[in-house]
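# Commentary on secondary and tertiary structure
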Amino acid sequence: EYENLLAGLPADEVQRIRKLVRKEDAKRSVLGRLMLKSAAAKALNMEADDVKFGRTKGRKPFIQEAAAARRGLNANVSHHGEWVVLGLEEKGLVGVDVSSTKAPRKNMQAQSFFADMAGGLTGEEG
């Protein structure tokens with residue numbers, strides 16, 4: 001089933017996904033791309049297969065459809081651990097980021113645990 005889903009993506013995306021070392025990351029990447037296609041198609045009243053994407057210089061995917069640009073449709077996908085999240089916004093920029101957390105090891109001090117977690121936060125979040 002995974003290979004069938006992968007076959008429905010553009011060749012450059014398949015190549016990027018196949019480079020991922022962990023199969024779980026590859027599966028979440030495929031799921032994120034399919035979620036993005038589905039949500040964009042619904043927002044633009046199109047068939048999902050007709051929605052095309054590009055990538056910015058920073059590698060963030062964007063919807064190439066002229067209708068998306070006219071409406072200011074912006075999307076972002078993130079995945080980590082068991083989570084895949086999608087943000088889709090009209091009239092503004094959207095960014096999402098998800099990170100699974102693990103409980104601190106038994107011998108880890110709480111201060112050390114929170115210091116490790118803070119490393120993944122922006123200045124406004126920390």
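Refer to the structure printed above.
To keep things clear, this report deals only with the structure shown in the data block. (Residues numbered from 1 in each chain as written. Predicted model: local features only at pLDDT ≥ 70, side-chain atom pairs only at ≥ 80, totals over all residues. Heavy atoms only, no water.)

Glancing now at the environment of Leu88. Tracing the chain through its elements places Leu88 in strand β4 (residues 83–89). On the basis of relative accessible area, Leu88 is assigned to the partly exposed category, the value being 30%. Measuring from C-alpha to C-alpha, the distance between Leu88 and Asn74 comes to 5.8 Å, with 14 residues separating the pair along the chain. Once residues lying within four places of it in the same chain are set aside, the contact partners of Leu88 are Ala39, Ala40, Ala43, Ile63, Leu73, Asn74, Ala75 and Val94. (Helix = DSSP H or I, 4+ residues; strand = E, 2+ residues; numbered from the N terminus. Buried < 20%, exposed > 50% of the residue type's maximum accessible area, 1.4 Å probe, protein only. Contact = heavy atoms within 4.5 Å.)

Applying the stated criterion across every chain yields a total of eight salt bridges. For Arg22, the salt bridge is made with Glu24, and the minimal N-O distance between the two is 3.9 Å. With a relative accessible area of 41%, Glu24 lands in the partly exposed category. Through salt bridges with shared partners, a single ionic network connects Glu13, Arg16, Arg33 and Arg55. (Salt bridge = Lys/Arg side-chain N within 4 Å of Asp/Glu carboxyl O.)

Now for the side chain of Lys37. Take Lys37: it is sitting in helix α3 (residues 23–44). Buried charge without a partner: Lys37 forms no salt bridge, and the closest opposite charge is Asp49, 5.1 Å away. Here Ala48 takes part through its backbone oxygen, which lies 3.0 Å from a polar atom of the side chain of Lys37. A polar contact is formed between the side chain of Lys37 and the backbone oxygen of Val51, at a distance of 3.1 Å. (Lys, Arg positive; Asp, Glu negative; His and termini not counted. Polar contact = N/O pair within 3.5 Å; in protein donor to acceptor, adjacent residues only side chain to side chain.)

What follows is about the pairing of β4. Pairing between strand β3 (residues 74–80) and β4: seven bridges, direction antiparallel. Bridging across to β4, Val77 finds its partner in Leu86. Hairpin connection between β3 and β4: a loop of two residues separates the two successive antiparallel strands, and Gly81 in this loop has a positive phi of roughly 60 degrees. (Pairing = 2+ DSSP bridges.)

In this section: the packing of aromatic side chains. We describe a pair of aromatic rings using the distance from one ring centre to the other and the angle between the two ring planes. Per the counting criterion, the structure on display carries zero aromatic pairs. Of note, Arg33 hangs over the ring of Phe53, and the distance from its end group to the ring centre comes to 4.8 Å. (Phe/Tyr/Trp six-rings, centres within 6.5 Å; stacked < 30°, edge-to-face > 60°. Lys NZ or Arg CZ within 6 Å of the ring centre and 35° of its normal.)

For the rest of this paragraph, the subject is α3. Across its 22 residues, α3 extends 32 Å between first and last C-alpha, which sits within 8% of the 32 Å expected from 1.5 Å per residue. Taken together, the buried positions of α3 are occupied by Ala26, Arg28, Ser29, Val30, Gly32, Arg33, Leu36, Lys37, Ala39, Ala40, Ala41 and Leu44. (Expected span 1.5 Å × (residues − 1).)

These figures come from the coordinates and say nothing about function on their own.
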